[in-house]
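Chain by chain, the residues:
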Amino acid sequence: MRILLDENVPEPLSEPLTWLLRGHPMSHVNKQWKSIKDQQLYEKAKRHGYDIVISNDSRQLYDWEICRAIQRSSRHVVFVETSNGGLRSLSSAAGALIHCIRDIVAELEKAETQRIVIVPMLHGEPRFKPYDPRKEAPSPMWPRKQHGDHKPSRTTR
């Protein structure tokens, strides 16, 4: 499936998506039709053989003219939800898309008719657990001496 990234999808995101979707040609709107209007984008995507358009602008679903253009194009459209939270919002949206893009494409490959997919952004605080190995072992295999649980040697001289 040929994939087109809308101009509101950051261009650097195309690199991990291309890697995850090897065998699926991918282009960014900015390389072909920079500043194209949304209604025109879907017609051009159809004429140039794109199967999927990925956009960060889910507000398009609330514009009657754009919805008609999407419907007429019969292209699958993946909308990644974002908020106005700057880089945190963008990273949450990018993480959500990267997490599920392979499943989305697999689903769209099976679809016989147009699909509109909405990807909600990841919510909440980033999930990670930092360890200070001097105080706490990150795994049962971590050398005990490294995290302070060791006993001093009792050898006498």
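Residues numbered from 1 in each chain as written. Predicted model: local features only at pLDDT ≥ 70, side-chain atom pairs only at ≥ 80, totals over all residues. Heavy atoms only, no water.

(A) Just the packing of aromatic side chains, in detail. According to the stated counting rule, one finds one aromatic pair in the structure shown. Between Trp33 and Tyr50 the ring centres are 6.4 Å apart and the planes differ by 85°, which places this aromatic pair in the edge-to-face class. Here Trp33 is found in the loop between helix H2 (29–32) and helix H3 (38–47), whereas its partner Tyr50 is found in the loop between H3 and strand S3 (52–55), with 17 residues between them in sequence. The same class applies to Trp33 as to Tyr50, namely buried. Sitting over the face of the ring of Tyr50, Arg2 holds its NZ or CZ atom 4.2 Å from the ring centroid. Between the NZ or CZ atom of Arg22 and the centre of the ring of Trp19, over which it lies, the distance is 4.8 Å. (Phe/Tyr/Trp six-rings, centres within 6.5 Å; stacked < 30°, edge-to-face > 60°. Helix = DSSP H or I, 4+ residues; strand = E, 2+ residues; numbered from the N terminus. Buried < 20%, exposed > 50% of the residue type's maximum accessible area, 1.4 Å probe, protein only. Lys NZ or Arg CZ within 6 Å of the ring centre and 35° of its normal.)

(B) Up close: the side chain of His28. Mapped onto the elements, His28 comes out in strand S2 (residues 26–28). In terms of polar contacts, His28 uses its side chain to reach the backbone carbonyl oxygen of Asp6, at 3.4 Å. In contact with His28, other than residues within four places in its own chain, are Leu4, Leu5, Asp6, Glu7, Val9, Pro10 and Glu11. (Polar contact = N/O pair within 3.5 Å; in protein donor to acceptor, adjacent residues only side chain to side chain. Contact = heavy atoms within 4.5 Å.)

(C) Region of interest: H3. Buried within H3 we find Asp38, Leu41, Tyr42 and Ala45. Buried positions in H3, seen along its axis, are confined to an arc of 90° and lie on one side of it. Contact partners of the buried residues in H3: strand S1 (3–5), H2, S3, helix H4 (64–73) and strand S4 (76–80). Count one or two residues on from H3 and you reach Gly49, which has phi positive near 80°. (Arc of directions from axis to C-beta.)

(D) Representation of the nonpolar core. Residues Ile3, Ile54, Val78, Leu97, Ile101 and Val119 are the most contacted members of the largest nonpolar core, which totals 24 residues. When contributions to this core are tallied by element, the ones reaching two or more residues are S1, helix H1 (14–20), S3, S4, helix H5 (86–110) and strand S5 (116–119). Among residues more than four places away in sequence, those in contact with Ile101 are Leu17, Leu20, Leu21 and Ile54. (Core = buried A, V, L, I, M, F, W, Y, C linked by side-chain atoms within 4.5 Å.)

(E) Representation of H5 within the structure. Helix length check: H5, at 25 residues, gives a terminal C-alpha distance of 35 Å against a target of 36 Å (1.5 Å per residue), a fit within 8%. Residue Cys100 marks the point of greatest curvature in H5, where the axis turns by about 50°. What H5 keeps buried is the set Ser89, Ser92, Ala93, Ala94, Ala96, Leu97, Cys100, Ile101, Ile104, Val105 and Leu108. The secondary structure elements touched by the buried residues of H5 are S1, H1, S3, S4 and S5. (Expected span 1.5 Å × (residues − 1). Bend = angle between axes of the 7 residues up to and from the residue.)

(F) The pairing of S5, seen in detail. Residue alternation in S5 divides its side chains into a buried set, Val117 and Val119, and an unburied set, Ile116 and Ile118. In terms of strand pairing, S4 meets S5 through four bridges, oriented parallel. Paired with Val80 across the two strands is Val119, which belongs to S5. (Pairing = 2+ DSSP bridges.)

(G) Geometry of the layout of surface pockets. Estimated volume of the largest pocket: approximately 240 Å³. Lining the largest pocket are Arg88, Ser89, Ser91, Ser92, Met121, Leu122, His123, Gly124, Glu125, Pro126 and Arg127. Considering only residue class, the lining of the largest pocket consists of three nonpolar, five polar and three charged. (1 Å grid on protein atoms, 1.4 Å probe; cavity = no way out; pocket = protein on both sides within 12 Å on 5 of 7 lines; lining within 4 Å. Points joined across faces, edges and corners; volume = space filled by probe spheres on them. Nonpolar A, V, L, I, M, F, W, Y, C, P; charged D, E, K, R; others polar.)

None of this, on its own, says anything about what the molecule does.
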